[in-house]
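Okay, here's what each chain looks like letter by letter:
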Amino acid sequence: MNTSLDNAVIEATHHLARAGIAQPRLDARVLVEHVLEGGERQLENGQCEHLRRLVGRRRAREPLAHITGHREFWSLAFAVTRHTLIPRPDSETLVEAALAWPAPEGANVLDLGSGSGCLLAAVLSERPDWWGLGLDIESRALCVAGHNLNALGLGARARLVLGDWTDCLAGSFDVVLCNPPYVADPEWPDLEPEVADFEPRIALAGGADGLACYRRIVPRLGDLLNRGGAAFLEVGAGQAAAVAGLLRRHALDVVDIKEDLAGIPRCVVARRRMSRGK
Ligand SMILES: C[S@@+](CC[C@H](N)C(=O)[O-])C[C@H]1O[C@@H](n2cnc3c(N)ncnc32)[C@H](O)[C@@H]1O
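It should be emphasised that the depicted structure is a prediction, and the values quoted were computed from it without experimental measurement.

## Notes on the state of the cysteines
Should the sulfur atoms of two cysteines be covalently bonded, the bond is a disulfide. Scanning the entire structure with this criterion turns up zero disulfides. The structure places no disulfide on C118, whose sulfur is separated from the nearest cysteine sulfur, that of C178, by 12 Å. Note on C118: relative accessible area 9%, which makes it buried.

In structure tokens, the structure reads:
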């Protein structure tokens with residue numbers, strides 16, 4: 001027996017609400033629309049069964065983006081898998097800051113820890129003369145980033161490389177974007193199951209105080225930035241001052257700290273100290 005779209009949404013909402021899902025109606029709508037894959041308003045038997053399986057996965061706290069296989073970022077569609085962090089709206093703060101920077105024409109961009117490729121793709125989509133290099137230690141994330149850049153028509157201006165932070169990098173860049181793992185060990189018990197149980201630990205774990213990756217990356221930033229270039233580092237809540245201090249100790253000037261939409265300092269902007277010649 002067919003089920004109407006509205007009834008399917010009501011039923012799915014009910015099951016998700018009983019499982020304690022925070023926005024059950026919203027998630028139910030997304031799942032129903034995912035199953036319908038088009039403009040229809042009726043679910044056939046097979047689609048109802050498919051929907052039941054997807055609702056079951058969401059009830060088990062699997063993120064919606066893993067179930068549908070994509071997430072929007074900067075109004076662009078990104079494929080995501082369990083090997084990529086799901087792009088977060090907070091990270092759009094980095095994109096806005098980088099686009100506001102007076103970068104030269106034909107700027108080259110480095111995206112350290114590129115994951116799904118969302119940061120690199122967002123800036124390249126806005127600046128048709130920019131070029132990009134995305135780097136990640138997770139080869140399966142690089143595959144997803146490659147797919148995303150190609151699907152968005154940006155593949156010809158981007159290269160992707162497997163690497164352990166800056167170890168294999170030479171050359172210098174006008175814009176360095178980096179959203180490193182920054183969850184501190186003591187914060188793990190507070191993470192939602194969607195994050196702790198499903199998102200890649202390598203994309204999240206920032207060591208005892210959350211700052212381990214910055215300590216690896218920041219000492220190399222001065223060499224990686226062109227004169228006039230800038231680095232845009234995402235930070236977790238409460239980490240901006242510590243990361244700014246680290247940057248200053250490594251001959252970088254902190255020129256701005258941008259807040260996200262919730263007013264949390266989210267993006268530390270740094271440039272090479274002007275006294276250094278290059
Ligand atoms: C917080 S995620 C950011 C992903 C993406 N840039 C975004 O903003 O959604 C951090 C990324 O860093 C990568 N990563 C972790 N350790 C790394 C390392 N040692 N070298 C390079 N990339 C690393 C992870 O695989 C992950 O894709």
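The structure having been displayed, the exposition proceeds.
## Overview of the packing of helix α2 (residues 24-36) against helix α3 (residues 45-59)
Packing of α2 against α3 brings their axes to within 10 Å, and their N-to-C directions diverge by 140 degrees. As far as their axial angle goes, α3 and α2 are oblique. Crossing geometry of α2 relative to α3 is assigned as right-handed. Touching D27, L31, V32, H34, V35 and L36 of α2 are Q47, H50, L51, L54, V55 and R58, all from α3. Split by residue class, the contact of α2 with α3 holds seven nonpolar, three polar and two charged.

## Points about the site of the ligand
The environment of the ligand is made up of 18 residues, and the closest members are G113, D136, D164, W165 and N179. Interatomic distance of 2.8 Å between a backbone N/O atom of G113 and a nitrogen atom of the ligand. Between a nitrogen atom of the ligand and a main-chain N or O atom of I137, the distance comes to 3.3 Å. When the ligand is considered free in solution it has 600 Å² of accessible area, and contact with the protein chains removes 96% of it. Elements represented by at least two residues in the shell around the ligand include exactly α6 (118-126) and β6 (131-136). Looking at the shell around the ligand residue by residue, the classes come out as 10 nonpolar, five polar and three charged.

Conventions adopted
Residues numbered from 1 in each chain as written. Predicted model: local features only at pLDDT ≥ 70, side-chain atom pairs only at ≥ 80, totals over all residues. Heavy atoms only, no water. Disulfide = S-S within 2.5 Å. Buried < 20%, exposed > 50% of the residue type's maximum accessible area, 1.4 Å probe, protein only. Axes fitted to C-alpha atoms, helices over the stretch in contact; angles between N-to-C directions. Helix = DSSP H or I, 4+ residues; strand = E, 2+ residues; numbered from the N terminus. Parallel < 35°, antiparallel > 145°, perpendicular 65-115°, else oblique. Left-handed = near helix turned anticlockwise from the far one by under 90°. Contact = heavy atoms within 4.5 Å. Nonpolar A, V, L, I, M, F, W, Y, C, P; charged D, E, K, R; others polar. Near = heavy atom within 4 Å. Polar contact = N/O pair within 3.5 Å; in protein donor to acceptor, adjacent residues only side chain to side chain. Areas by Shrake-Rupley, 256 points an atom, 1.4 Å probe, with all protein chains shown as cover.

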